[in-house]
Amino acid sequence: MTANTNKAFSVSEASGRSKAIAGALVILYALVTMIPLAWIFLTGFKSPPDSIAYPPKVVFTPSLEGYVNLFTTRSRQTPEYLESLGPPRTWYDKLVRERNMVITGPSRYKDRYVNSLVIGFGSTFLAVFLGTLAAYGFSRFKVPLKDDLLFFILSTRMMPPIAVAIPIYLMYRQLGLSDTWLGMILLYTAVNVSLAVWLLKGFVDEIPREYEEAAVIDGYSRFQAFIKVVLPQMRAGIAATAIFCLIFAWNEYAFALLLTSGTAQTAPPFIPQIIGEGGLDWPAVAAGTTLFLVPIVFFTVLLRNQLLRGITFGAVRK
Amino acid sequence: MSELRLENLRKTFGAIAAVDDLSLRVADGEFVVLLGPTGAGKTTTLRLAAGLENPDAGAVFIGGREVTGLTPAERDVAFVFQQYSLYPHYTVFDNLAFPLRAPGRKWPEERIRSRVEEIAAMLDMEHKLQNRATQLSGGEMQRVSIGRALVRAPNLFLMDEPLSSLDAKLRESMRVELKRIQRDLGATILYVTHDQLEAMTLADRIGILEDGKLVQVGAPREIYENPVSVHAARRLGSPPMNILPPQALGLPDLPPAAAQIGIRPEDVELGGDSGIVARVESLEHLGASMVAGLGFGNERLHVLLDDSQRLRRGQQITFTLNREKIICFDSQGRRIDAPPAA
């Protein structure tokens, strides 16, 4: 420590004390953001009475009731009727019987989840695909009014998307796009594509044209050069852009609430409406939320190396 | 290998003529270097030859066939860029194989492998074939990118300052290597640089470019001794030719139009009783030789000397010019052919 204090000022190595302070701040911030997530995760394993106990219970007997309730619909029965059914056949039958109920069928959570997957990944793919082509075009070709067009594309993000909810609602009703996968995919793509164009253009700009010119001289077409030379070098940028797009589409609540109700409803508007006995079924809501987080976490972890390079926007890439 | 012929090429970008009525012939197996400062149109000339740009006027012939308007691939030329020529997501092998894997070529993988290994052996890179391009040193990268030009035996090589991103020592060894490869293959090369040393050592002929115009083409020695203009004179030689007003030297018998005279630093002699008196203002020792900066009146003059001369800064000295080596230029900087009367 004493050897360190007399060292000349270094830009590459922080002093021990500033490292400690930085570490403490990061841990503090992580705690603040992680506590709600941890609480949701724990609530998913509480019984309904435990979940609304006051003062809140930190230590409790874990139960899978929330998850069972999330995936099933149940009805209350008289003890005599339950008696007549004989012993429960499965562990979840048993869990439900303890509350004097029987399972009457699956809930719609699974369908909502599939809707979220299709709409989230579908719109992300489309936004990144279109964004990549547009970014390449803007970066490489002489486009008339290029700067104005780019500004116009960016300007679509200057207001909250929900500001146009009513016109979109009316338009979708006319076009028959309400409550359809296609409608939601188009909507989220439209919102995300501006972000995608701008992010990706930065990445394309950084790839020297000489790469493509070298490929063209070597006998490749421009499109082949794009596929073989440009695209692989955009990987980090595409991964980062895809994550941003996916997070928006996955978490979007307001439009989903407004435009979907039945067949194409995504998970966000569905989860808060899970009703149990005597109000909201908090363990089921928490269980639904926990499962809802999994794809994003998975996708982010999968792409974390690309993401780290991507989020620096190529600043340190050589 | 084939010859390259550029005929009256013209290319403008907005109001600027990057290449202006340029004609040049590079014979089969010849190494021609275009020399000029930044913005003289060197790179544009190369890109016109490659087909990366289309000329506004003029024509390009490769091997006697007109290729103006054809795509780069159809011209079958190889281009070595100043930088960025290796694909970072590929290994050295894949980089070298890239031109051979082009869709039109349809080489079997076995043939590609043996060709790549052959070239790698020539460049002394066999042991690095499986390295990623990003794991190479600067010199190795440039060797690979030259190798990538060599693999497919093109009609002609176009090289855009391929050595300028290397450090001085590496540049020197690559220069020797490049010349050797060119001799071995009998390659036709059009090479662009702003480094006169590269031009002098590599070229069979040098073309001096100025503002998009080719002002002089010739063997290095020829241009060095007989430059057509002040500009051409000062592009070759280090330190560059001294350009002085004739009246400062009191020279008789000059052509009346002579507005400037040029004298190479090695053609100035020190000492003697009849010379012009000057003061030694600077001394640069270069090992075997030395450059002295002399000041007289309002003028300055560089003299190249061998290192045995004992000079001090501030010393008074006399100098004389080798009259036979004086070159006269008019007020536009053009050569006046009449030699000074003896």
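Everything numeric here is computed off the predicted structure, so don't read it as measured data.

Criteria and thresholds
- Residues numbered from 1 in each chain as written.
- Chains lettered and ligands numbered in written order.
- Predicted model: local features only at pLDDT ≥ 70, side-chain atom pairs only at ≥ 80, totals over all residues.
- Contact = placed C-beta atoms within 7 Å.
- Helix = DSSP H or I, 4+ residues; strand = E, 2+ residues; numbered from the N terminus.
- Domains from an automatic or database assignment.
- Nonpolar A, V, L, I, M, F, W, Y, C, P; charged D, E, K, R; others polar.
- pLDDT = per-residue confidence, 0-100.
- Buried ≥ 20, exposed ≤ 12 C-beta atoms within 10 Å, placed from the backbone.

K.L.:
Please clarify how the interface of chain A and chain B should be interpreted in this entry.
P.N.:
Interfaces are often sized by the amount of accessible area the parts lose when they come together. Taken together, the 14 residues of chain A in the interface contact 19 residues of chain B. Counting residues per element, the side of chain A that touches chain B draws most heavily on helix H11 (residues 209–217) of chain A, which supplies six residues.

K.L.:
How should the domain arrangement of chain B be read in this particular structure?
P.N.:
All names here are of chain B. Partitioning chain B into domains gives domain 1 (4–235) and domain 2 (242–336). Each of domain 1 and domain 2 was reduced to a C-alpha centroid, and the two centroids are 38 Å apart. Between domain 1 and domain 2, the contact holds six residues from the first and eight residues from the second. Partitioning the side of domain 1 that touches domain 2 into residue classes produces four nonpolar, two polar and no charged.

K.L.:
I'm lost on the confidence of the model for chain A in this one. Help?
P.N.:
Detailed reading of the predicted coordinates is not advisable wherever pLDDT is low. Residues and elements named next belong to chain A. For chain A, per-residue confidence averages 88 on the pLDDT scale, and 93% of positions sit at 70 or higher. Of all the helices and strands in chain A, helix H1 (residues 2–5) carries the lowest mean pLDDT, 48, while helix H7 (residues 109–140) carries the highest, 95. Note that pLDDT drops below 50 for residues 1–5; the model gives that stretch three contacts with residues more than four away or on any other chain. Long-range and interchain partners of residues 314–318, a stretch whose pLDDT sits below 50, account for four contacts in this model, where long-range means more than four residues apart.

K.L.:
What's the story with unusual backbone geometry in this structure? I'm lost.
P.N.:
Leaving glycine out, the prevailing phi sign among residues is negative, and the prevailing peptide bond configuration is trans. Across the junction of Tyr54 of chain A and Pro55 of chain A, the peptide omega takes the value -5°, indicating a cis bond. Tracing the chain through its elements places Pro55 of chain A in the loop between helix H3 (48–51) and helix H4 (65–71). The amide bond that connects Ser238 of chain B to the next residue, Pro239 of chain B, takes the cis arrangement and shows omega of -10°. Topologically, Pro239 of chain B is positioned in the loop between helix H9 (230–235) and strand S11 (242–244). If you check the backbone angles, Asn100 of chain A has positive phi at about 60° while not being a glycine. Relative to the elements of secondary structure, Asn100 of chain A occurs in the loop between helix H6 (91–97) and strand S2 (101–106). The class for Asn100 of chain A is partly exposed, based on 14 C-beta atoms found within 10 Å. The residue Glu161 of chain B is not glycine, and still its phi comes out positive at about 45°. By secondary structure assignment, the location of Glu161 of chain B is in the loop between strand S7 (156–160) and helix H6 (168–185). Classification of Glu161 of chain B as partly exposed rests on a count of 19 C-beta atoms within 10 Å.

K.L.:
I keep staring at helix H1 (residues 42–50) of chain B and nothing clicks. Help me out?
P.N.:
Side chains three or four residues apart in an α-helix point the same way, a direct result of the helix having 3.6 residues per turn. Residues and elements named next belong to chain B. The buried count for H1 comes to nine of nine residues, which makes it a mostly enclosed element. Within H1, the full set of buried residues consists of Lys42, Thr43, Thr44, Thr45, Leu46, Arg47, Leu48, Ala49 and Ala50. Directly beyond the C-terminal end of H1, a positive phi value near 95° is found at Gly51.

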